[in-house]
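# Structural characterization, general
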Amino acid sequence: MTDPSSTAPQPNISDLATFAKAVDYSLMEQLTPDPDATADGHDHYARQVFSGHYVPVKPTAIADANYVSHSQAFFAQLGLADALAHDASFRQLFSGDLSNAPAPMKRFGWATGYALSIYGTEYTQQCPFHTGNGYGDGRAMSIFEGVFNGQRYEMQLKGGGPTPYCRGADGRAVLRSSVREFLAQEYMHNLGVPSSRSLTLYVSKSETVSRPWYSSNSYSADPDVMVENPVAISTRVAPSFLRVGQIELFARRVRDNAHDNAFAELKQIVVHLIAREYKSEIDVKLGFNNQVIELAKLFQVRLSKLIANWLRVGYCQGNFNSDNCAAGGFTLDYGPFGFCEAFDPEFQPWTGGGKHFSFFNQPAAAEANFHMLWTALRPLLAQDEQALAQLDDVRRGFKDEIQQQCQSMWAAKLGSSEFHPELFGQLMQLMIQTKVDYTIFFRELSHIPNDISSLKKSFYLPTSAEQDKQWQHWLDQWLNLLANEKQDLKTIASNMKRTNPKYTWREWLVAPAYQQAMRGDYSLIEELKQVFSAPYGEQTKAIEEKYYRLRPQEYFRAGGISHYSCSS
Ligand SMILES: Nc1ncnc2c1ncn2[C@@H]1O[C@H](COP(=O)(O)OP(=O)(O)OP(=O)(O)O)[C@@H](O)[C@H]1O
Ligand SMILES: [Mg+2]
């Protein structure tokens, strides 16, 4: 019989001392700290970090921290009482001041180094020392690792001041980008897309930083003004924040014979990755080499499913470098991301991201990141030819795996049990030609209409009689296919509505939330949280009228809405 106390939900945690009892640093303590780290965590200037897995760093608190928002849903999942988000000592901690962190919490956080590969090409230029030893968490640092309701979580401040990896920058995040990240993480979770989660968001009442941004009504590609922004600290939570780029960093050091412990550090970080992200799926009784092969296989499946999900919901990561690719296979780093409104397979909100990180190119971008993880794992198996051959087989299987995941996603989006390439190809052509709203189109289709009149709600361009005929022809073919499905239309429609969200992220409806927040009004953030909490549901008429809408003409090509050249 199972012990009922182990399955019972924890009582609500309503004070910091109880919260701190969930701390468990046992896994991170198996890693190697930077031997050159300072004793007190005052380590806020760009410097090279030559070895070790993390650098202990004291966060720099934001001044006069004020509550903006917390995720009620995620608090509930952790067993935290909502009141805790307003508790002065909790706020102090999650706005970067660890001076009163109760034992057994440490009074410093930790930042990690990582390598950067862009689309499968290694870079060190972004590192101020051009060695790669100064690149990593420049403004992110974890302050907590612990277990809630049997689940292990790491909590990471974003915007908590500079670290040795800050590259001379201020280590801050502005309220605008913090609001976006805070809302987007929870929205993705509610869409059923694996993601880091949002815990809290606090803003400074007195501290601002200046960032390039767009003036109102600007159609400029690049920011045209400097804007004073309040600084904020958001806390994100995940089983770990290990990135593909992090594993890469240690593998590069092995290859370059950077120091005597390089191989041991690579092995340690991979053992750690397995423990943190793949423990339940990898048999600990397997030898290490077989565990590495399993890791590659599992990551391949997770990453492929993740990308299929991104395509399903219209998400474009924008900057899918290896350092923005979580080794646990979930969405990480909500910087220059966006959601596709008017359908364009080359949709890309970040002006620096080019075509290679655009919407429909994400499977290829993912393959480049998978390639980097595979490359980083290979040195571990160098002495075992058979294992190496198996690992190389996994690498070769990536294209098939992601293609299969994407095809079953498209089939589900179209309510069918199988993928029909021709019908799909025709649909893509029509969607591009007519410029349909990606979300509204698939949602309207989920009602399985007999004619195209309701689909027209999603059209950005007027259609000719000939185009209407093409659309109707496509619809008729699709309806014929559905008629041959085993399930009845009612069941298919309800499955489609659970696949095709009604409410998407529309940047022009989110921007007012961070603009108002900059003036101290957080009501729109709360409203958006509500809308994003049930993206597949039918919500009130008022919400439908406000959020289930085509993007107004004036927001096409609008700086800061349709595109951004920076996001921090
Ligand atoms: N204001 C800043 N101060 C210090 N470092 C920064 C700042 N902004 C960005 N960085 C660093 O620059 C690199 C690239 O930035 P990017 O926009 O991908 O990261 P981010 O949004 O800070 O990070 P994350 O990937 O942790 O979500 C990262 O290593 C990041 O830590
Ligand atoms: Mg990043």
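Basis of the calculations
- Residues numbered from 1 in each chain as written.
- Chains lettered and ligands numbered in written order.
- Predicted model: local features only at pLDDT ≥ 70, side-chain atom pairs only at ≥ 80, totals over all residues.
- Heavy atoms only, no water.
- Helix = DSSP H or I, 4+ residues; strand = E, 2+ residues; numbered from the N terminus.
- Rg over C-alpha atoms; globule rule 2.2 N^0.38 Å.
- Buried < 20%, exposed > 50% of the residue type's maximum accessible area, 1.4 Å probe, protein only.
- Contact = heavy atoms within 4.5 Å.
- Areas by Shrake-Rupley, 256 points an atom, 1.4 Å probe, with all protein chains shown as cover.
- Lys, Arg positive; Asp, Glu negative; His and termini not counted.
- Charge placed at Lys NZ, Arg CZ, Asp CG, Glu CD.
- UniProt positions renumbered as here; feature names shortened; annotations may be inferred.
- Polar contact = N/O pair within 3.5 Å; in protein donor to acceptor, adjacent residues only side chain to side chain.
- Near = heavy atom within 4 Å.
- Nonpolar A, V, L, I, M, F, W, Y, C, P; charged D, E, K, R; others polar.
- Axes fitted to C-alpha atoms, helices over the stretch in contact; angles between N-to-C directions.
- Parallel < 35°, antiparallel > 145°, perpendicular 65-115°, else oblique.
- Left-handed = near helix turned anticlockwise from the far one by under 90°.
- Donors = N, O, S within 2.8 Å, 3.2 Å for Na, K, Ca; no water.
- Domains from an automatic or database assignment.
- Core = buried A, V, L, I, M, F, W, Y, C linked by side-chain atoms within 4.5 Å.
- Expected span 1.5 Å × (residues − 1).
- Arc of directions from axis to C-beta.

### Here's the deal with the overall build of the protein
Secondary structure assignment for the protein yields 18 helices and twelve strands. Computed over C-alpha atoms, the radius of gyration of the protein comes to 24 Å, within 12% of the 24 Å expected from 2.2 N^0.38 for 568 residues, which places it in the range of a compact globule. Dimensions of the protein along its principal axes, counting C-alpha atoms only, are 75 × 60 × 60 Å. Of all 568 residues assigned to the protein, the portion counted as buried reaches 58%. Sequence-distant contacts, at least 24 apart, represent 72% of the contacts inside the protein between residues at least 6 apart. Working note: accessible area of the protein is about 22,500 Å², and carbon and sulfur atoms make up 51% of it. Treating the 53 positive side-chain charges of the protein as one cloud and the 61 negative ones as another, the clouds have centres 2 Å apart.

### Some details on the UniProt feature "binding site: ATP" (unreviewed entry) in the protein
Here, the residues flagged by UniProt with the feature "binding site: ATP" (unreviewed entry) are Gly-136, Gly-138, Arg-139, Lys-158, Asp-170, Gly-171, Arg-236, Arg-243 and Asp-333. Taken along the chain, the residues just named run across 198 residues; in space they spread out, the farthest C-alpha pair reaching 22.6 Å. With respect to the helices and strands, Lys-158 occurs in strand S7 (residues 151-158). Engagement of the side chain of Lys-158 in a polar contact is seen with the side chain of Glu-181, the distance being 2.8 Å. Along the chain, the position of Gly-171 falls in the loop between S7 and strand S8 (173-174). The exposure class of Gly-171 is buried, given its relative accessible area of 3%.

### So, the site of ligand 1
Around ligand 1 lies a shell of 18 residues, among which Gly-136, Arg-139, Lys-158, Arg-167 and Arg-236 are the nearest. The separation between an oxygen atom of ligand 1 and a polar side-chain atom of Arg-167 is 2.6 Å. The separation between a nitrogen atom of ligand 1 and a polar main-chain atom of Gly-171 is 2.8 Å. In the complex, the protein chains occlude 90% of the 590 Å² of accessible area that ligand 1 would expose alone. Tallied by class, the residues present in the shell around ligand 1 amount to four nonpolar, four polar and ten charged.

### A word on the packing of helix H12 (residues 421-434) against helix H14 (residues 465-483)
Interhelical geometry of H12 versus H14 gives an angle of 150° and a closest axis separation of 11 Å. Taken as axis vectors, H12 and H14 run roughly antiparallel relative to one another. Considering only the axes of H12 and H14, their crossing is left-handed. In this structure, H12 contributes Leu-423, Gln-426, Leu-427, Leu-430, Met-431, Gln-433 and Thr-434 to the contact, and H14 contributes Gln-467, Gln-470, Trp-471, Trp-474, Gln-477, Trp-478 and Leu-481. In the contact of H12 with H14, the residues fall into eight nonpolar, six polar and no charged.

### So, the UniProt feature "binding site: Mg(2+)" (unreviewed entry) in the protein
UniProt records the feature "binding site: Mg(2+)" (unreviewed entry) for Asn-324 and Asp-333 in the present numbering. Its location among the elements puts Asn-324 in the loop between strand S11 (315-316) and strand S12 (338-339). With a relative accessible area of 6%, Asn-324 lands in the buried category. Ignoring anything within four residues of it in the chain, the contact list for Asn-324 reads Arg-243, Gln-317, Asn-319, Leu-332 and Asp-333. Of the polar contacts made by the side chain of Asp-333, one reaches the side chain of Asn-324; its length is 3.2 Å.

### Quick look at the coordination of the magnesium ion (ligand 2)
Reference values for angles at a metal are 109.5 degrees in the four-donor tetrahedral case and 90 or 180 degrees in the six-donor octahedral case. Looking at the magnesium ion (ligand 2), the protein donor atoms are Asn-324 (OD1) and Asp-333 (OD), and they sit 2.0 to 2.2 Å from it. Here the two residues Asn-324 and Asp-333 agree in accessibility, since each one is buried.

### As for the environment of Trp-310
If you trace the backbone, Trp-310 turns up in helix H8 (residues 288-313). Sequence separation of Trp-310 and Met-188 is 122 residues, and the distance between their C-alpha atoms is 9.2 Å. Apart from the residues within four sequence positions on either side, Trp-310 is in contact with Met-188, Val-193, Tyr-315, Gln-317, Phe-320, Thr-331, Phe-359 and Gln-362.

### A closer look at the domain arrangement of the protein
By domain assignment, the protein separates into domain 1 (4-241), domain 2 (248-409), domain 3 (417-497) and domain 4 (507-555). For domain 1 and domain 3, the distance between their C-alpha centres works out to 43 Å.

### Some words on the nonpolar core
Formed by 169 residues in total, the largest nonpolar core has its most connected members in Phe-19, Val-270 and Trp-478. Counting residues per element, this core draws most heavily on H8, at 14 residues. When neighbours within four sequence positions are excluded, Val-270 is seen to be in contact with Ile-247, Phe-288, Val-292, Leu-295, Leu-377 and Leu-380.

### Overview of the side chain of Ser-198
Looking at the secondary structure, you find Ser-198 in strand S9 (residues 197-213). Residue classification places Ser-198 among the buried residues on the basis of a relative accessible area of 0%. For Ser-198, the side chain forms a polar contact with the main-chain oxygen of Phe-182, separated by 2.7 Å. A polar atom in the side chain of Ser-198 sits 2.9 Å from the side chain of Gln-185. Setting aside anything within four residues of it in sequence, one finds Ser-198 in contact with Ser-71, Phe-74, Glu-181, Phe-182, Gln-185, Glu-186 and Thr-235.

### Looking at helix H10 (residues 385-396)
For H10, which comprises twelve residues, the first-to-last C-alpha distance of 16 Å matches the rise-based estimate of 16 Å (1.5 Å per residue) to within 8%. Among the residues of H10, Ala-387, Leu-388, Leu-391, Asp-392, Val-394 and Arg-395 are the ones counted as buried. Buried residues along H10 cover an arc of 150° about the axis, so they all sit on one side. Within H10, the exposed residues directed more than 90 degrees away from the buried face are Glu-385, Gln-386 and Arg-396. Structurally, H10 contributes buried residues whose contacts are with H8, helix H9 (362-377) and helix H11 (398-413).

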